[in-house]
Amino acid sequence: MVIATDKLTFNFGDQTVVKSLSLQVPEGSIYGFLGPNGAGKTTTIKLLMNLLKTQQGSIHIFDLELKSNRVKILSQIGSLIEQPAIYLHMSGRENLLNRALLLQVPESRVEEMLNLVHLTNAAHKKAGQYSLGMKQRLGIALALLSDPKLLILDEPTNGLDPNGIIEIRELLIKLVNIHQKTVFISSHLLGEIERMATHVGIINNGELLFQGSISELQTLSQPLIQVETDNTVDAANLLTRHNYEVTEVTDNYFFVPYTSKKQMGEMNALLNKNGYAVYSISKQQKDLEKLFLDITQTA
Ligand SMILES: Nc1ncnc2c1ncn2[C@@H]1O[C@H](COP(=O)(O)OP(=O)(O)OP(=O)(O)O)[C@@H](O)[C@H]1O
C-alpha cells in the first residue's frame, strides 16, 4: 500500500474530527476520498502530510512509518492543499523556474511540466491573470516538479467550471496511467470521483463509512434511468410487463435501475414502438446523501 493508516484519530479540543480511520491506498490508484464539508478530509490530509501531529493510531506511507521517516517520505509526495502557493506577479513559467531552482531539479522539467498541464501557451502570462482552473493546473505542475511518487490533492476542482474539472480529471488519469503515479484526491462530489477514481473511501463525521474499489462502490450506488413520457403510468406498466424493474413512479417520471447504455436504447425503442412519446430519458447518479443512506442501511 502507498498509504496505510491504522485507527488514526484526531481531536480538535473535545471534538473528534478523525475517528479510528484505517485507509488503504494501493499503488497506482486514483483514490477518491469522498465526504461532505466538515467530514474531516482536510484534517486527514494534514495528518498524512505531517502538518498536524497524529494523536492516536499510525500512518505508514511507502511502507514506512511517517514520524520516523518524515523527510524521506515527504520528499516523495507532491501536494495541493487549499490554495496553491503561487506568486501572482510572476508568470507560470517563472513560478516553476523559481521552484525548480529551490528544489535543484533540472530546468528542463519546467517545460515538461508546462506541457503536461497544458500551460505552455500561457506560460509567459502572469499567474495573477490565470483562471482558477489554470491556477490549479499550475499548482499541480509545481507539486509534480520533483517527480514525486504520490500526489495528494485536497478538493482540487473546487470552484472550477465544467471544462476546468474535465482538464484536471484528464490530467490525473494521465498521471496514473502514463506516469505511474498514485493520486489521493479529496472531494465532496460523488459524480466527480466516480468518473476518475479506481478506489474510494467515504468519510462522514470523521468515520470511514465505505472503502473499496470503484466497482464495489458502483454496486452500492447503482444509478437510475429517469424516463419522461406522455403517459407516465401506462408507459411504466408497459415496461413492467416486459420484465423491467420500475422502482418509482412520480407525476412526471418513472425510474428503472440503470444497467447499460444498450438497455436505455432498448427501453426507448420499446416505448416508441408502443406509441409513447419519450420526452426525456437520462441516467441519474445518486448523490452523496442518498449513497450514505444506502450504505448505512446495508451496513
Ligand atoms: N483548526 C481547527 N480548529 C478547530 N476545529 C477545526 C479546525 N480545523 C477544522 N476543524 C473542524 O474539524 C472538522 C473537520 O474539518 P475538515 O476541514 O477536516 O473537513 P473537510 O472534510 O475537509 O471539510 P471541507 O471540505 O469543508 O474543508 C470540522 O468540524 C471543522 O470545523
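All figures in this text were calculated on a predicted structure; none of them were measured in a lab.

### Here's the deal with the overall build of the protein chain
On a plain count of helices and strands, the protein chain comes out with 11 helices and 15 strands. Taking the principal axes of the C-alpha coordinates as reference, the protein chain spans close to 70 × 50 × 30 Å. Taken over 299 residues, the protein chain has a buried fraction of 34%.

### As for unusual backbone geometry
Here Gln104, not a glycine, exhibits a phi torsion of approximately 55 degrees, which is positive. Counting through the fold element by element, Gln104 comes out in the loop between α3 (92–103) and α4 (108–116). Although it is not a glycine, Asn243 adopts a positive phi angle of roughly 65 degrees. Here Asn243 lies in the loop between α9 (232–241) and β13 (248–249).

### Concerning the sheet that holds strand β7 (residues 77–80)
Spatially, six strands are ordered β7-β8-β9-β4-β10-β11 in an open sheet, and the strand pairing comes out mixed. If you trace the sheet from one side to the other, it starts and ends with β7 and β11 (207–213), each paired once. Put simply, the sheet's adjacent strands are angled 15 degrees from each other on average, direction ignored. Sheet topology note: the strand β10 (residues 199–204)/β11 ladder contains six bridges and is antiparallel. By the bridge assignment, Asn204 is partnered in β11 with Glu207. Sheet contacts for helix α1 (residues 41–48): β4 (30–34), β8 (150–154), β9 (182–187) and β10; angle to β8, the most-contacted strand, approximately 150 degrees.

### Some points on α9
All of the buried residues in α9 are Ala235, Ala236 and Leu238. Take α9 and look down its axis: the buried residues cluster within an arc of 155 degrees, on one side only. Residues Val233, Asp234 and Arg241 are exposed on α9 and point more than 90 degrees away from its buried face. Residues of α9 that are buried make contact with β12 (224–229), β13, β14 (254–257) and α10 (261–273). The positive-phi residue at the C-terminal boundary of α9 is Asn243, with phi of around 65 degrees.

### Structural notes on helix α5 (residues 132–144)
Between its terminal C-alpha atoms α5 stretches 18 Å, which fits the 18 Å expected from 13 residues at 1.5 Å a residue. For α5, the tally of buried residues reaches 11 of 13 residues, placing the bulk of the element in the interior. What α5 keeps buried is the set Gly133, Lys135, Gln136, Arg137, Leu138, Gly139, Ile140, Ala141, Leu142, Ala143 and Leu144. Its buried side turned inward, α5 meets β7, α3, α4, β8 and α6 (162–177).

### Quick notes on the pairing of strand β15 (residues 278–284)
With zero of seven residues buried, β15 lies mostly on the surface of the structure. In this sheet, β15 lies alongside β12 in antiparallel orientation, the contact comprising six bridges. The residue bridging Thr229 from the neighbouring strand is Val278, located in β15.

### Here we look at the site of the ligand
Residues in close proximity to the ligand include Phe12, Val17, Gly35, Asn37, Gly38, Ala39, Gly40, Lys41, Thr42, Thr43, Glu155 and His188, which together make up its full environment. Within the shell around the ligand, the residues separate by chemical class into three nonpolar, seven polar and two charged.

### Considering the domain arrangement of the protein chain
Under the domain assignment used here, the protein chain contains domain 1 (3–213) and domain 2 (221–298). Computed from C-alpha coordinates alone, the two centres of domain 1 and domain 2 are separated by 37 Å. For the side of domain 1 that touches domain 2, the elements supplying multiple residues, two or more each, are α7 (190–196) and β11. Grouping the amino acids of the side of domain 1 that touches domain 2 by side-chain chemistry returns five nonpolar, three polar and no charged.

### Overview of the nonpolar core
One broad rule of soluble globular proteins: the nonpolar side chains tend to lie buried together. The biggest cluster of nonpolar side chains holds 58 residues, and the ones touching the most others in it are Ala141, Val183 and Phe184. Sorting elements by how many residues they give to this core places α5 first, with six residues. Setting aside chain neighbours within four positions, we find Val183 in contact with Ile30, Tyr31, Leu151, Leu153, Leu172, Leu175 and Val176. Listed in part, the 10 residues of the second largest apolar core include Val227, Ala235, Tyr253 and Leu271.

### Topic: the packing of α3 against α5
The contact between α3 and α5 brings their axes to 10 Å, and the two run at 20 degrees. Comparing the axis directions of α3 and α5 gives the class roughly parallel. As α3 packs across α5, the resulting crossing turns out to be right-handed. Seen from α3, the contacting residues are Gly92, Asn95, Leu96 and Arg99; seen from α5, they are Leu138, Ala141 and Leu142. Tallied by class, residues from the contact of α3 with α5 come to four nonpolar, two polar and one charged.

Analysis parameters
Residues numbered from 1 in each chain as written. Predicted model: local features only at pLDDT ≥ 70, side-chain atom pairs only at ≥ 80, totals over all residues. Helix = DSSP H or I, 4+ residues; strand = E, 2+ residues; numbered from the N terminus. Buried ≥ 20, exposed ≤ 12 C-beta atoms within 10 Å, placed from the backbone. Pairing = 2+ DSSP bridges. Axes fitted to C-alpha atoms, helices over the stretch in contact; angles between N-to-C directions. Contact = placed C-beta atoms within 7 Å. Arc of directions from axis to C-beta. Expected span 1.5 Å × (residues − 1). Near = placed C-beta within 6 Å. Nonpolar A, V, L, I, M, F, W, Y, C, P; charged D, E, K, R; others polar. Domains from an automatic or database assignment. Core = buried A, V, L, I, M, F, W, Y, C linked by C-beta atoms within 7 Å. Parallel < 35°, antiparallel > 145°, perpendicular 65-115°, else oblique. Left-handed = near helix turned anticlockwise from the far one by under 90°.

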